Amino acid sequence: MPVSDEALLFDAVREAGALGLSLSKRRDLQRWTKPDGSEVTEADLAINALLEERLRKATPDYGWLSEETPDVPHLRMAQEKLWIIDPIDGTSAFIAGRRDWCVAAALAIAGRPVLAAVYCPLREEFFTAAAGQGASLNGQPLRMPDH
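Thresholds, definitions, all that
- What you see as residue numbers is a count from 1 along each chain, following the sequence as written.
- Under the rules for a predicted model, residues below a pLDDT of 70 receive no local features and side-chain atom pairs below 80 are neither given nor counted, while totals for whole chains, interfaces and linings still include all residues.
- Side-chain measures here rest on the full set of heavy atoms in the structure, leaving out hydrogens and waters.
- For helices, the fitted line uses only the C-alpha atoms of the stretch in contact; every axis is such a line through C-alpha atoms, and the angle between N-to-C directions lies from 0 to 180 degrees.
- Each helix is a run of H or I in the DSSP string that is no shorter than four residues. Each strand is a run of E no shorter than two, and both are numbered from the N terminus.
- In this scheme, roughly parallel covers angles under 35 degrees and roughly antiparallel covers those over 145, while 65 to 115 is roughly perpendicular and the rest are oblique.
- Handedness of each helix crossing follows the sense of rotation of the near helix against the far helix: counterclockwise by less than a right angle gives left-handed, clockwise gives right-handed.
- Only heavy atoms matter for contacts: two residues are in contact if any of them lie within 4.5 Å across the pair.
- Only Asp, Glu, Lys and Arg are considered charged in this grouping, and only Ala, Val, Leu, Ile, Met, Phe, Trp, Tyr, Cys and Pro are considered nonpolar; every other residue, Gly among them, is considered polar.
- A score from 0 to 100, pLDDT tells how confident the predictor is in each residue.

### Observations concerning the packing of helix α1 (residues 5–24) against helix α2 (residues 42–58)
Here is step 1: Running from amino to carboxyl end, α1 crosses α2 at an angle of 160°, the nearest separation of the two axes being 9 Å. Between α1 and α2, the interaxial angle falls into the category roughly antiparallel. Handedness of the crossing formed by α1 with α2: right-handed. Two secondary-structure elements touch here, α1 through L8, L9, A12, V13, E15, A16, L19, G20 and L23 and α2 through A43, A46, I47, L50, L51, R54, L55 and A58.
Here is step 2: When grouped by side-chain class, the residues that make up the contact of α1 with α2 number 14 nonpolar, 1 polar and 2 charged.

Shown next, in the form of structure tokens:
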């Protein structure tokens, strides 16, 4: 039985966050400066590879847009379903050993976001959202305050 996109995404982001957490303990990570001046580490690339392996292997007909993968717009735009990935959002924080970095990923269908997951492993925060179902933090629904 095929795994749902939701289960696939949420499991992959949790696994990617765990990998990031283990790599965050290393102080010998290689890092580079990208042409735009932002930094990238071998952890960004390892997490990107993990997400790509999990998500693309299970859904080879979906498009792929990641901060750490060269974009192929004509191929990406031809796909109705598109994974959108930021392997480490907050690479500077990751490098500095701070807690405010996360793994972020989403699925868009026909240009509209339908699923998202953000995992901040050092804060033990796992945010999820699904179109029409709201958002949650660690499995508890998030509510907007009444005003």
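### Some points on the confidence of the model for the protein chain
Here is step 1: Looking at the protein chain, the pLDDT average stands at 92 and 97% of residues meet or exceed 70.
Here is step 2: Within the protein chain, the lowest mean pLDDT, 72, falls on helix α3 (residues 73–76), and the highest, 98, falls on strand β7 (residues 125–130).

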